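Structural features, examined
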Amino acid sequence: MVYHGLKGVTCVETAISRIDGEKGKLIYRGYNADQLALASTFEEIAYLILNGVFPNEDELQTFKEMLASFRVLPESAEKLIASLPSALDDMAALRTVVSSFGDITYRFRPTMAEAVRLIAVAPTIIAFRKRLMDGKEPVQPLSELGFVENYFYMLKGKRPTEAQMKALETYMILAMEHGMNASTFSARVTVSTESDLVSAVTSALGTMKGPLHGGAPSAVTGMLEDIGEKCRAESYLRAKLEKGERLMGFGHRVYKTHDPRAKALRIKAEEIAGDDRDIDLALHVENTAIRLLEEYKPGRKLYTNVEFYAAAVMKAIDFDASLFTPTFSAARMVGWCAHVLEQAGDNMIFRPSAKYIGEMVSQ
Ligand code: ACO
């Protein structure tokens, strides 16, 4: 029997997260991720995912200070980013710079301190590169800002509003972890050879870069831009469905009910809808699309997925499409590191087999 793409194959035991596609639940360390995302900070949930328990006040303070202290890029990394060819896309740049951290101090077994360092520095790499590519001076991180607020600040050169910050923070918490997805699997495979954390995360970044995994936010953004006005939504979506095309941001391989991440993001999106035309349009497009999908594809259980509101939120906070997958990766760095630490704690090298279907020439 060949399990193409390992679909349906359970290959590890994990205490980090659980997905129930039928019930629309995503659980981080025993708690509903959507509720955590609405009520907590990035730092609190990163600590929970990495350690399995919530921090007390002192532990949280120490964790925040560690994250803040590793934010500043070493000069060698700044030089490396400045020397990268402009033809490298943002994910290739992030992968290359993260890889450059893998000196001999990183080795098997990976440590929590190494994980915190990588999580802390990823947003700075993304922002530094993005500003250079946009012809702007990079902005140095501010240690007094929270993780998400500082990321926004380094990209934009100004602090976000409270609503912008919370919308981005909700998204980044919801993007932190999602079970045995392709990039997490590749991180675990890499460390299972007793390689190091930087190598494992570099593998994960290379995997995340592919459009089948890192998402297609530009498709959702493109659709919302094409629609442009609420009054055009129904005719635009109906025309797509009449032609047998798919509506971007709807349907999910695992979730056969509402994607809990989309539901939580929608709440945040609604909070800025009052003064944001894009979110207002997205809310209208969602309602219209769900109604039309039920009409054209009855019983298929097609609902909004995380991509839809992620794209809407990113647009509302003025993050362009090139930032989507890097931002997703900066958040998912937490999940990758947690899985690498878990894998290293009870390791067995991954070595599946392949069925030979070539010729047999020798006797
Ligand atoms: N628009 C219209 N029809 C759809 C959509 C959609 N977005 N999604 C599924 N369908 C229809 C299919 O045409 C099919 O109809 P049929 O029974 O008449 O042939 C039926 O629903 C089942 O489709 P499958 O492809 O078998 O469903 P699956 O659950 O495997 O697909 C997928 C999941 C690939 C995400 C799909 O829903 C899709 O293509 N969505 C649009 C792209 C998108 O939003 N991708 C992001 C996913 S979220 C993430 O990756 C983090």
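Position numbers for residues count from 1 along each chain, tracking the sequence in the order it is written. Given that the model is predicted, a residue must reach a pLDDT of at least 70 before its local features are reported, and side-chain atom pairs must reach 80 or more before they are shown or counted; all residues, however, enter totals for whole chains, interfaces and linings. With hydrogens and water excluded, all non-hydrogen atoms of the structure serve as input to the side-chain values.

The name an unreviewed UniProt entry assigns to the chain is Citrate synthase, from the organism Bacillus swezeyi. UniProt positions are given in the numbering used here, feature names are shortened, and annotations may be inferred rather than shown by experiment. Quoted verbatim from the Pathway (unreviewed entry) field of the UniProt record, the comment on the chain reads "Carbohydrate metabolism; tricarboxylic acid cycle." The record in UniProt for the chain states the following under Catalytic activity (unreviewed entry): "oxaloacetate + acetyl-CoA + H2O = citrate + CoA + H(+)".

**Structural notes on the nonpolar core**
To qualify as a nonpolar core, a set must consist of buried Ala, Val, Leu, Ile, Met, Phe, Trp, Tyr and Cys residues joined through side-chain atoms within 4.5 Å. For every residue, the accessible area obtained with a 1.4 Å probe (protein chains only) is divided by the maximum for its type, and the residue is called buried under 20%, exposed over 50%, and partly exposed between those limits. Core analysis: the biggest nonpolar cluster contains 108 residues, and Phe42 and Met172 have the highest contact counts within it. Strands here are runs of E lasting at least two residues and helices are runs of H or I lasting at least four, both read from the DSSP assignment and numbered beginning at the N terminus. No other element matches the 12 residues that helix 16 (residues 324-345) contributes to this core. Looking at this core, you find at least three residues from each of domain 1 (4-211 + 322-345) and domain 2 (216-316). Filtering out sequence-adjacent residues up to four positions away, methionine 172 remains in contact with Phe42, Phe147, Val148, Tyr151, Thr327, Ala330 and Ala331. Domain start and stop points were drawn from an automatic or database domain assignment. In what follows, a contact means two residues having at least one pair of non-hydrogen atoms within 4.5 Å.

**Overview of the UniProt feature "active site" (unreviewed entry) in the chain**
When the UniProt feature table is mapped onto this chain, "active site" (unreviewed entry) is found at His252 and Glu307. What stands out for the annotated residues spanning 56 residues is how close their C-alpha atoms remain, the widest pair being 10.0 Å apart. Tracing the sequence through the fold places histidine 252 in the loop between helix 12 (233-242) and helix 13 (260-271). A relative accessible area of 22% means that histidine 252 is categorised as partly exposed. In protein, a polar contact requires one atom able to donate a hydrogen and another able to accept it; more generally it is a pair of N or O atoms within 3.5 Å, and residues adjacent in sequence count only if both atoms are side-chain atoms. In terms of polar contacts, histidine 252 uses its side chain to reach the backbone amide nitrogen of valine 254, at 2.9 Å. As for its placement among the helices and strands, glutamate 307 is situated in helix 15 (residues 306-316). The class for glutamate 307 is buried, based on a relative accessible area of 16%.

**Considering the packing of helix 9 (residues 182-191) against helix 10 (residues 197-208)**
Lines fitted to C-alpha atoms define the axes here, with helix axes fitted over just the stretch in contact, and angles between the N-to-C directions of these axes take values from 0 to 180 degrees. At a minimum axis distance of 8 Å, the contact between helix 9 and helix 10 shows a crossing angle of 150°. Taken together, helix 9 and helix 10 sit at an angle that is classed as roughly antiparallel. Once helix 9 is placed against helix 10, the crossing between them reads as right-handed. Two secondary-structure elements touch here, helix 9 through Ala182, Ser183, Ser186, Ala187, Thr190 and Val191 and helix 10 through Ser199, Ala200, Ser203, Ala204, Thr207 and Met208. When residues are grouped by polarity, Ala, Val, Leu, Ile, Met, Phe, Trp, Tyr, Cys and Pro land in nonpolar, Asp, Glu, Lys and Arg in charged, and all others, Gly among them, in polar. Residues belonging to the contact of helix 9 with helix 10 are distributed by class as follows: six nonpolar, six polar and no charged. Oblique is the label for any angle not covered by the other classes, which are roughly parallel (under 35 degrees), roughly antiparallel (over 145) and roughly perpendicular (65 to 115). For any pair of crossing helices, the crossing counts as left-handed if the nearer helix is rotated counterclockwise from the farther one by less than a right angle, and right-handed if it is rotated clockwise.

**Examining the pairing of strand 1 (residues 17-20)**
Any two strands with at least two DSSP-identified bridges between them are counted as paired. Here strand 1 runs beside strand 2 (residues 25-28); their pairing, made up of four bridges, is antiparallel. Counterpart to arginine 18 in the pairing with strand 2 is isoleucine 27. Connecting the antiparallel pair strand 1 and strand 2 is a turn made up of four residues, with glycine 24 showing a positive phi of about 70°.

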